[in-house]
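Each chain, written out:
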2 protein chains.
Amino acid sequence: MKAPIIVPAAKLAERVQQKLTEAGADAPSSAATVRALMHGSLHGVDSHGVRLVGYYDGPLRSGEINGRPQVRLRKTAAATAMLDGDNGLGHHTGYEAMKAAVELARDSGIGAVGATGSSHYGAAGAYALAAAEAGMIGFATTNAESLVTLFGGREAFHGTNPLAVAAPVPGEKPWLMDMATSAIPFNRVLLYRSLGHPLPEAIAVDASGNPVRDPADATMLMPMGGADYGFKGAALAGVATLFSAILTGATLDHDLVSLGKSETAKPSNLGHFFIAIDPARFAGVTEMAAGMRRYLDALRASPPREGFPPPMAPGDREWQVVEQRLRDGIPVDQDTAQILGF
Amino acid sequence: MKAPIIVPAAKLAERVQQKLTEAGADAPSSAATVRALMHGSLHGVDSHGVRLVGYYDGPLRSGEINGRPQVRLRKTAAATAMLDGDNGLGHHTGYEAMKAAVELARDSGIGAVGATGSSHYGAAGAYALAAAEAGMIGFATTNAESLVTLFGGREAFHGTNPLAVAAPVPGEKPWLMDMATSAIPFNRVLLYRSLGHPLPEAIAVDASGNPVRDPADATMLMPMGGADYGFKGAALAGVATLFSAILTGATLDHDLVSLGKSETAKPSNLGHFFIAIDPARFAGVTEMAAGMRRYLDALRASPPREGFPPPMAPGDREWQVVEQRLRDGIPVDQDTAQILGF
């Protein structure tokens, strides 16, 4: 692997915006996509960062993704809505849906929005974070095309189906969990391949569904929980599918086709699901802030095992990366750098 | 271990009710507790079944649990409420809170209820199931006293903090996930001790926080995800604490004392959190039922790895146990049998 080049965040965002516009994305769509991809790149989640711009380019040009969608929000009750993304970029659908959930929660205490007619939306954490930045607890999930076996299964069934939760923290960046329900993301397998390192146990399988250590043999992932407790990861992946596709009426994991791999360039009708919760309607903003403070102080003061660093809360490490990358620039792999014209 | 005795479900429920009444529980409290404990015992989750009646007996008699609570529901917005359990049995708090969430969801599409002033409520799945039986998707969680290390930690920080989700399935029992966010429940460690078997890897630790295989050395649990990915389980445990205690203003895991272990018999102010979601306000009841049917048919038809049984959906195995135990009776351990007067 050639070394990545380092690009300042503002410059990188500008080029991504430009590239998306060239491919046919309108201003709201490209702005949302830049925001979501920069979330990934700034937080160190490079698999869900600006490298995805190359993945969206062809589908935008072929019409598999609609670059000029008319997103339609349909309120269905005091606290719920459905949002039709009109087959646009998933990031635009995602931010619009979470914005609607926050508005519903402002009035009704909690708001839930099911999105359909969407496409790949990058990191689920970007949308949970948007709710936390508005003072709410946010939950975001999506399903994805099959890549993960069931517990004891030999075929890809669920996608890497992420679950993301974010919550405001007084005086610091939000608590932020964003996890795949597979043992690891598939691009981590690709990284092991490039490095020539054996895989950890019980995270990936070969075409027969048997766990493998050689990354060259890995074709599918195992669910979180590994050889003994993978039924837990499979159940959590099912929660993502339940909310994102079954409740919303969107496409199930095993019926989804990867972007750019559909022979007909037919939109995939991907679904997502979003919840925002207003702390003011529970213990109250002040009381919740105090509880969060006590919780995080105790967590960070909890003593580590010998040889381990002090425990961290979800997001702590990522927010350190954000600070460092805002200061020093963002590493961009050579392929993506070329696509972006660096 | 002496063999358990087998008792018909109706007879067992009657004795549990009687025992709770003798200890001071009023009719609504004992009815809810019988329902929740029978849920555990019928589903094969014996750790959260009728054996708990012995655990509640002392606290009910000492007043640590209020046997005659005046549960108070306070609606805070169109879709949200807080419920004060008046330090009663957690099962009564739990069913009342989920009932309120279902009613809110009927009007507003989604309903969320935060409960405080509660106590141990048995299996979280019992409450998620109550929502599914009312045609809704249900989510229930609670925090619990510290017993699980952080990822790389050496002290108990989170409780075994369960996450439960249930959803209606046309023509069959609900989809039902109910999982601890620890690698395993602690009573599984006790079972390995009784059997003299070594523990699986990366599920329990000794007093220094180091993973152990000898169940006699295990004093705490590791979070789901084990040695390499335990940060995921720890984050999910944090989600349970966030919703159940931080959002509601109830007691944090590390400030909770086990029932019957408080020197002052002071109630613990345990919190829980409940969500109900009405499918009618998303894709619609018929469309969701069709999606669930397609999803479950595909899952159960997915081929197994060599040497594994066909994949199952969450709850499939437990519903088989329910059927068998309703037919053949419920195994009750000798200690509990004695408490119940069998």
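Our subject is the structure that appears above.
Throughout what follows, the structure given in this document is the object of discussion. (Residues numbered from 1 in each chain as written. Chains lettered and ligands numbered in written order. Predicted model: local features only at pLDDT ≥ 70, side-chain atom pairs only at ≥ 80, totals over all residues. Heavy atoms only, no water.)

1. Some remarks on helix H2 (residues 27-42) of chain B
Residues and elements named next belong to chain B. With 16 residues, H2 extends 22 Å from end C-alpha to end C-alpha; this agrees with the ideal 22 Å at 1.5 Å per step. Judged by how many residues are buried, H2 sits mostly within the fold: twelve of 16 residues are covered. Those residues of H2 that fall on the buried side of the exposure criterion are Ser29, Ser30, Ala32, Thr33, Val34, Ala36, Leu37, Met38, His39, Gly40, Ser41 and Leu42. Two residues or fewer past H2, glycine 44 is found with a positive phi of approximately 85°. (Helix = DSSP H or I, 4+ residues; strand = E, 2+ residues; numbered from the N terminus. Expected span 1.5 Å × (residues − 1). Buried < 20%, exposed > 50% of the residue type's maximum accessible area, 1.4 Å probe, protein only.)

2. Describing the sheet that holds strand S9 (residues 172-180) of chain B
Whenever strands of a sheet pair, they do so through backbone hydrogen bonds, lying parallel or antiparallel. Residues and elements named next belong to chain B. Reading across the sheet, the seven strands line up as S2-S3-S4-S12-S5-S8-S9 and stay open at both edges, with mixed pairing between neighbours. Of all the strands in the sheet, the pair left with one neighbour each is strand S2 (72-77) and S9. Taking each pair of neighbouring strands and ignoring which way they run, the sheet shows an average axis angle of 15°. Relative to strand S12 (residues 270-277), strand S4 (residues 110-118) is paired through seven bridges, and the arrangement is antiparallel. Bridge pairing links glycine 114 to phenylalanine 273 in S12. Here helix H5 (residues 125-133) sits on the sheet and contacts strand S5 (137-142), strand S8 (162-169), S9 and S12; the angle it forms with S8, its principal contact strand, is near 25°. Each of S5, S8 and S9 is contacted by helix H8 (residues 285-301), which is oriented at about 110° to S8, the strand it contacts most. (Pairing = 2+ DSSP bridges. Axes fitted to C-alpha atoms, helices over the stretch in contact; angles between N-to-C directions. Contact = heavy atoms within 4.5 Å.)

3. Some words on the relation of the copies chain A and chain B
Superposition of chain A onto chain B requires a rotation of 180° combined with a translation of 0.0 Å along the rotation axis, giving an RMSD of 0.0 Å. What the rotation and shift describe, once combined, is the action of a two-fold rotation axis. In terms of proximity to the rotation axis, the leading residue of chain A is A:Gly225, whose C-alpha is 2.5 Å off the axis. Residue by residue, 100% of the interface of chain A is reproduced at the interface of chain B, so both copies engage with the same surface. (Least-squares fit on C-alpha atoms with pLDDT ≥ 70 in both.)

4. What about the packing of helix H1 (residues 9-22) of chain B against H2(B)?
Residue and element names in this part refer to chain B. For the pair H1 and H2, interaxial distance at closest approach is 9 Å and the crossing angle is 140°. Between H1 and H2, the crossing angle belongs to the class labelled oblique. Along this stretch, H1 crosses H2, giving a crossing that reads as right-handed. Residues Ala9, Leu12, Ala13, Val16, Gln17, Leu20 and Thr21 of H1 pack against Ser30, Ala31, Thr33, Val34, Leu37, Met38 and Leu42 of H2. Taken together, the residues of the contact of H1 with H2 break down into ten nonpolar, four polar and no charged. (Parallel < 35°, antiparallel > 145°, perpendicular 65-115°, else oblique. Left-handed = near helix turned anticlockwise from the far one by under 90°. Nonpolar A, V, L, I, M, F, W, Y, C, P; charged D, E, K, R; others polar.)

5. Looking at the sheet that holds strand S4 (residues 110-118) of chain A
Residues and elements named next belong to chain A. With mixed pairing, the seven strands of this open sheet are ordered in space as S2-S3-S4-S12-S5-S8-S9. Only two strands of the sheet have a single neighbouring strand rather than two, namely strand S2 (72-77) and strand S9 (172-180). Ignoring strand direction, the axes of neighbouring strands in this sheet form an average angle of 15°. Of the pairings in the sheet, the one linking strand S3 (residues 80-84) to S4 comprises five bridges and is parallel in character. For aspartate 84, the partnering residue across the bridge sits in S4 and is threonine 116.

6. Topic: helix H8 (residues 285-301) of chain A
Here H8(A) is 17 residues long and its end C-alpha atoms lie 24 Å apart, about the 24 Å a rise of 1.5 Å per residue gives. Of the positions making up H8(A), those classed as buried are A:Met288, A:Gly291, A:Met292, A:Tyr295, A:Leu296 and A:Leu299. Down the axis, H8(A) shows its buried residues gathered within 125° of arc, on one side only. Exposed and facing more than 90 degrees away from the buried side of H8(A) are A:Thr286 and A:Ala301. Elements that come into contact with the buried residues of H8(A) comprise strand S5 (137-142), strand S8 (162-169) and S9 of chain A together with strand S7 (156-158) and helix H7 (226-246) of chain B. (Arc of directions from axis to C-beta.)

7. Here's the deal with the environment of A:Leu296
Residues and elements named next belong to chain A. Topologically, leucine 296 is positioned in helix H8. Once the C-alpha coordinates of leucine 296 and methionine 312 are considered, the two residues, 16 residues apart in sequence, prove to be 8.8 Å apart. Not counting chain neighbours up to four residues away, the residues in contact with leucine 296 comprise Val169, Glu172, Trp175 and Ala313.

8. Section: the pattern of salt bridges
All names here are of chain A. Applying the stated criterion across every chain yields a total of 24 salt bridges over all chains. Residue aspartate 57 is joined to arginine 61 by a salt bridge in which the shortest nitrogen-to-oxygen separation is 2.9 Å. Taken as a pair, aspartate 57 and arginine 61 lie in helix H3 (residues 53-62) at a separation of four residues, close to a single helical turn. Classification of arginine 61 as partly exposed rests on a relative accessible area of 49%. Overlapping salt bridges, with partners in common, bring together Glu172, Arg293, Asp297, Arg300 and Asp316 in one network. (Salt bridge = Lys/Arg side-chain N within 4 Å of Asp/Glu carboxyl O.)

9. Concerning the pairing of S5(B)
Residues and elements named next belong to chain B. Summarising burial for S5: six of the six residues are buried, a large majority. In terms of strand pairing, S5 meets S12 through six bridges, oriented antiparallel. Paired with phenylalanine 139 across the two strands is isoleucine 275, which belongs to S12. In this structure, S5 lies alongside S8, joined through four bridges in antiparallel fashion. Paired with alanine 140 across the two strands is alanine 164, which belongs to S8.

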